[in-house]
Amino acid sequence: MNLSDFGRFADPALLILTSLADGAKHGYAMMEDIEKLSGVRLGPGTLYAALTRLEERGLIEALPADDRRRPYQLTANGREFLREQLARWHRLTGIGLERLAGQA
Amino acid sequence: MRLIDCLLNLYPSSWRERYKDEFRALLDQSFSGRDVLDIIGGALDARLSPQYRSSNGDNMEAKRLLQIAGGGALLCVLLMFGAVVNRTQQGWFDAGLMLMGMVIIIPVSVVLHIACHQRETRKSQRIFLLTAACLAMGIVIFLLLRQQPNGDLTLSWQHLYIGGTFGLWIALNSRLAHATGLIPHWGMSLGVASGALWLMMALVMVGMQFNPMSTIWMILIYAVAAVWLAVHLVWLSSLALAVFAPKQQLAVSD
């Protein structure tokens, strides 16, 4: 599976997975956390479009609802997938910074 | 909040069954005007998603047959409708054949529909009522026209175009009014959409009695047409937004 499989929801999906990396959260907590983390405010429609795709692919799972709010957590596959994606970004960031330093 | 309920109604029913409560809880905590287009985009995305387009347990083979039969029935209805609207002086035989086609195709469609949606009996009842009403209306109009001295019918591609345009108008407006929760009852939304079309046509016909058409009628007709255009522009732009919206920008903070 690749992040590009999520189409235009690739970036929201990565942000959601990152937000869930430190524990289960419900929709509103995810929105808040993602805004704090990245400066991006995901709209509710975008958030749930990405959530449904992540759930379909078995990367996250729903926990029993707390009142009406339902928390989500990473599955083992989701954790592994996030690790791979972040490692890829980490490599890319390192290469970019090295190249910039070489130009200076 | 009424607006939130309207927006939630834009999502497919199977999506709502699974996510409605938690989505509603999220919107109760955080909702602003700028979220409206985002939610409309999300709803259209869900509607375009194959997962929410069909229910589990549907009979796909029967569904395919239903689509073919439904297409045939729709063609007949549109042809009849167009022919009635744009009546000419030539033969009525083709119209009779089309009516016979409807008599055969519509019950077949209903049976197939029940086979497809075994778990959705209410949907089957609705489609049965709608098709029965269409058929009854078609027969009544046909018989009334036959009673008139110059009541002959002929069918052509022009009629299909006219009937198709009107049929789409009614279907789109009915769906829009129902999906947005403006008219929650399915049958009523169809009735209002059809009524609005006939009202517009009546306005035009009454206006045509005057020569030249009086200014007030023209203003009224243009006003109705402007509202119609505005509604459809919103609908189409939402669709375009859902399909072609730019990706979210990722800005990782320090």
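Values in this document were obtained by computation on a predicted structure and should not be read as measured data.

Focus on the overall build of chain B
- Regarding its fold elements, chain B presents 10 helices and zero strands.
- Each helix and strand of chain B, ordered N terminal to C terminal, gives the series α-α-α-α-α-α-α-α-α-α.
- Buried positions account for 36% of the 254 residues belonging to chain B.

Some details on the confidence of the model for chain B
Residues and elements named next belong to chain B.
- Looking at chain B as a whole, the pLDDT averages 62, with 19% of positions reaching at least 70.
- Mean pLDDT across the elements of chain B ranges from a minimum in helix α6 (residues 93-116), with 55, to a maximum in helix α2 (residues 13-29), with 89.
- Note on residues 246-254: pLDDT under 50 across the span, and 18 contacts to partners over four residues away in sequence or across chains.
- Interface confidence in the predicted complex, given as ipTM, is 0.88; pTM for the same model is 0.51.

So, the environment of Ala24 of chain A
Residue and element names in this part refer to chain A.
- Within the element layout of this structure, Ala24 appears in the loop between α1 (10-20) and α2 (27-38).
- The sequence separation of Ala24 and Leu74 amounts to 50 residues, and the corresponding C-alpha distance is 7.5 Å.
- Sequence-distant contacts of Ala24, defined by excluding residues within four places in its chain, comprise Leu63, Pro71, Tyr72 and Gln73.

Some points on unusual backbone geometry
All names here are of chain A.
- At Asp67, a position not held by glycine, the phi torsion is positive, near 60 degrees.
- Mapping Asp67 onto the fold places it in the loop between β1 (60-62) and β2 (72-74).
- The class of Asp67 is exposed, set by a relative accessible area of 70%.

Quick word on the packing of α1 of chain A against helix α4 (residues 76-103) of chain A
All names here are of chain A.
- Across the interface, α1 lies against α4 with an axial gap of 10 Å and an inter-helix angle of 110 degrees. What the angle tells us is that α1 and α4 run roughly perpendicular. In the packing of α1 onto α4, the handedness of the crossing is left-handed. Side by side, α1 and α4 meet where Leu14, Leu17 and Thr18 of the first sit next to Phe81, Leu82, Gln85, Leu86 and Trp89 of the second.
- Along the lines of polarity and charge, the residues of the contact of α1 with α4 split into six nonpolar, two polar and no charged.

Examining the nonpolar core
- Formed by 43 residues in total, the largest nonpolar core has its most connected members in Ile16, Leu47 and Tyr48 of chain A together with Phe23 of chain B.
- Contributions of two or more residues to this core are made by α1, α2, α3 (44-56), β2 and α4 of chain A together with α1 (2-8), α2 and α3 (35-48) of chain B.
- For Tyr48 of chain A, the contacting residues outside a window of four places in its chain are Tyr72 of chain A together with Trp15, Tyr19, Glu22, Phe23 and Leu26 of chain B.

Re the interface of chain A and chain B
- Between chain A and chain B, the residue contacts involve 35 residues of the former and 31 residues of the latter.
- Taken over both partners, the interface formed by chain A and chain B buries close to 2700 Å², and the fraction arising from carbon and sulfur atoms is 51%.
- By the criterion of area lost to chain B, the three top residues of chain A are Arg8, Tyr48 and Arg68 of chain A, representing 27% of everything that side buries.
- Linking chain A with chain B are five salt bridges, by the criterion used here.
- Its salt-bridge partner being Arg53 of chain A, residue Asp45 of chain B comes within 2.9 Å of it at the nearest N-O pair.
- Scanning the region where chain A abuts chain B turns up 12 residue pairs in polar contact (both at pLDDT 80 or more).
- Taken together, the elements giving at least two residues each to the side of chain A that touches chain B come down to α1, α2 and α3 of chain A.
- Per element, the largest residue contribution to the side of chain A that touches chain B is 10 residues, and it comes from α3 of chain A.

Looking at the pattern of salt bridges
- Taken as a whole and judged by the stated rule, the model has 10 salt bridges over all chains.
- Put simply, Arg41 of chain A and Asp35 of chain B hold a salt bridge, and the shortest N to O gap is 2.9 Å. Here the residue Arg41 of chain A occupies a position in the loop between α2 and α3, and Asp35 of chain B occupies one in helix α3, the pair thus bridging two chains.
- Judged by relative accessible area, which is 22%, Arg41 of chain A ranks as partly exposed.
- A residue is classified by how much of its surface remains accessible, and Asp35 of chain B, at 2% relative accessible area, is buried.
- Ionic pairing is found between Arg70 of chain A and Glu22 of chain B, a salt bridge with its closest N-O pair at 3.1 Å. Pair noted here: Arg70 of chain A is in the loop between β1 and β2 and Glu22 of chain B is in helix α2, and the two residues belong to different chains.
- Owing to a relative accessible area of 5%, Glu22 of chain B belongs among the buried residues under this scheme.

A few points about α1 of chain A
All names here are of chain A.
- The buried fraction of α1 amounts to 10 of the 11 residues, a majority that puts the element mostly inside the structure.
- The complete set of buried residues in α1 reads Ala10, Asp11, Pro12, Ala13, Leu14, Leu15, Ile16, Leu17, Ser19 and Leu20.
- Considering only its buried residues, α1 is in contact with α2, α3, β1, β2 and α4.

Considerations on α4 of chain A
- Given a rise of 1.5 Å per residue, 28 residues ought to cover 40 Å, and the 41 Å separating the end C-alpha atoms of α4 of chain A matches this to within 8%.
- Taken together, the buried positions of α4 of chain A are Gly78, Phe81, Leu82 and Gln85 of chain A.

Here's the deal with the side chain of Ser19 of chain A
Residues and elements named next belong to chain A.
- Take Ser19: it is sitting in helix α1.
- The exposure class assigned to Ser19 is buried, which follows from its relative accessible area of 1%.
- When near neighbours in sequence (up to four residues on either side) are disregarded, Ser19 contacts Lys25, Met30, Asp33 and Ile34.

Rules of the game
- Residues numbered from 1 in each chain as written.
- Chains lettered and ligands numbered in written order.
- Predicted model: local features only at pLDDT ≥ 70, side-chain atom pairs only at ≥ 80, totals over all residues.
- Heavy atoms only, no water.
- Helix = DSSP H or I, 4+ residues; strand = E, 2+ residues; numbered from the N terminus.
- Buried < 20%, exposed > 50% of the residue type's maximum accessible area, 1.4 Å probe, protein only.
- pLDDT = per-residue confidence, 0-100.
- Contact = heavy atoms within 4.5 Å.
- Axes fitted to C-alpha atoms, helices over the stretch in contact; angles between N-to-C directions.
- Parallel < 35°, antiparallel > 145°, perpendicular 65-115°, else oblique.
- Left-handed = near helix turned anticlockwise from the far one by under 90°.
- Nonpolar A, V, L, I, M, F, W, Y, C, P; charged D, E, K, R; others polar.
- Core = buried A, V, L, I, M, F, W, Y, C linked by side-chain atoms within 4.5 Å.
- Buried area = accessible area lost by both parts, 1.4 Å probe.
- Salt bridge = Lys/Arg side-chain N within 4 Å of Asp/Glu carboxyl O.
- Polar contact = N/O pair within 3.5 Å; in protein donor to acceptor, adjacent residues only side chain to side chain.
- Expected span 1.5 Å × (residues − 1).

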